Amino acid sequence: GAVVSQHPSWVICKSGTSVKIECRSLDFQATTMFWYRQFPKQSLMLMATSNEGSKATYEQGVEKDKFLINHASLTLSTLTVTSAHPEDSSFYICSARALTGQGPGTQYFGPGTRLLVL
Amino acid sequence: AQSVAQPEDQVNVAEGNPLTVKCTYSVSGNPYLFWYVQYPNRGLQFLLKYITGDNLVKGSYGFEAEFNKSQTSFHLKKPSALVSDSALYFCAVRALSNDYKLSFGAGTTVTVRA
């Protein structure tokens, strides 16, 4: 149980294009999902908190117009990197907060999406 | 503010030997503490957590961690390491009162040699 999927797992795009990453909780409902960014051999940096049916909350320094987040249902959140540039290349990981199972507040993570902007 | 320190970038052990990965934390109030493991090009897998109760927490794959409030530590341990335990380990903390945001340590790379 508590499986989170991400799609796509890999994406290569040209500079200036937009890329959408999906995060789904497969066997549980998640009112809250989180989006992280991870640079090679570094820790996870929280980008934003996504709440179902409301606007996302962005961390300081994260451009909300560049990283658009939509949480349209209890099992799906999307991150769109708009007008991507090479410096946006990174490993993007989502997580979903489980309401039951392992107890309150446990976050379950997706497998990640590696973005390479040429 | 909340933060986590993992003082060791790397831990190397021989297969069959005990494994310890250190973690100390700073948080206002009572903490929720977590350990996750990450394999190359993969997301994080949940290992165990401490919320309240017994200070010794048992988790997946034979791992356990001990919460020590006086030392603000939550070290991860495994009595007998396996080669397959080689991975990147993250400790994370959040305060009971915050909106579920986790703060992660920098990570510790564990290498278990055969």
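What you see is a predicted model, and the numbers here were worked out from it, not measured in a lab.

### Side note on the pairing of strand β11 (residues 113-117) of chain A
Residue and element names in this part refer to chain A. Burial along β11 is one-sided: T113, L115 and V117 are buried, and none of R114 and L116, which face the opposite way, are. The sheet contact formed by strand β2 (residues 10-13) and β11 spans four bridges and is parallel. From the neighbouring strand, C13 faces β11, where its bridge partner is V117. As judged from the three bridges shared by strand β9 (residues 90-97) and β11, these two strands associate in the antiparallel manner. Note that in β11 the partner of F91 across the bridge is R114.

### Concerning the side chain of Q2 of chain B
Structurally, Q2 of chain B can be placed in the segment before β1 (3-5). A polar contact is formed between the side chain of Q2 of chain B and the backbone nitrogen of A95 of chain B, at a distance of 3.1 Å.

### Thoughts on the environment of F90 of chain B
Along the chain, F90 of chain B turns up in strand β10 (residues 87-95). Considering only alpha carbons, one finds F90 of chain B and F74 of chain B, 16 residues apart in sequence, at a separation of 11 Å.

### Some thoughts on the nonpolar core
Core analysis: the largest hydrophobic core is formed by 43 residues, its most contacted members being Y36, L44, F109 and L115 of chain A together with Y36, L44 and F104 of chain B. At five residues, the largest contribution of residues to this core is made by β9 of chain A. Counting 28 residues, the second largest nonpolar core, distinct from the first, contains V13, L33, V57 and V93 of chain B.

### What to know about the interface of chain A and chain B
Each partner contributes to the interface: chain A provides 24 residues, whereas chain B provides 21 residues. Between chain A and chain B we count one salt bridge in total. With a shortest N-O distance of 2.7 Å, K101 of chain B and E59 of chain A are connected by a salt bridge. The interface formed by chain A and chain B includes five residue pairs in polar contact (both at pLDDT 80 or more). Those elements that provide at least two residues to the side of chain A that touches chain B are β4 (32-38), β5 (44-51), β9 and β10 (107-109) of chain A. The class makeup of the residues in the side of chain A that touches chain B is 10 nonpolar, 11 polar and three charged.

Cut-off values and rules
Going along each chain's sequence as written, the residues are numbered from 1 onward. Whichever chain is written first is A, and whichever ligand is written first is 1; the rest continue in order. Local features are withheld for residues below a pLDDT of 70 in this predicted model, meaning they are given only at 70 or higher, and side-chain atom pairs are given and counted only at 80 or more; totals for whole chains, interfaces and linings count all residues. Side-chain numbers here rest on the full set of heavy atoms in the structure, without hydrogens or water. The rule is simple: take the accessible area with a 1.4 Å probe, protein chains only, and divide by the maximum for that residue type; under 20% is buried, over 50% is exposed, in between is partly exposed. A run of DSSP states H or I qualifies as a helix once it reaches four residues; a run of E qualifies as a strand once it reaches two. Both are numbered from the N-terminal end. A pair of strands counts as paired when DSSP detects no fewer than two bridges linking them. Polar contact criterion, stated in full: a pair of N or O atoms within 3.5 Å, where within protein one must be able to donate a hydrogen and the other to accept it, and residues adjacent in sequence count only if both atoms are side-chain atoms. What we call a nonpolar core is a set of buried Ala, Val, Leu, Ile, Met, Phe, Trp, Tyr and Cys residues that are connected through their side-chain atoms within 4.5 Å. Residue contacts follow a heavy-atom distance rule, with two residues in contact if any of their heavy atoms lie within 4.5 Å. Salt bridge, as used here, is a side-chain nitrogen of Lys or Arg placed within 4 Å of a carboxyl oxygen of Asp or Glu. In this classification, the charged set is Asp, Glu, Lys and Arg, the nonpolar set is Ala, Val, Leu, Ile, Met, Phe, Trp, Tyr, Cys and Pro, and all remaining amino acids, among them Gly, are polar.

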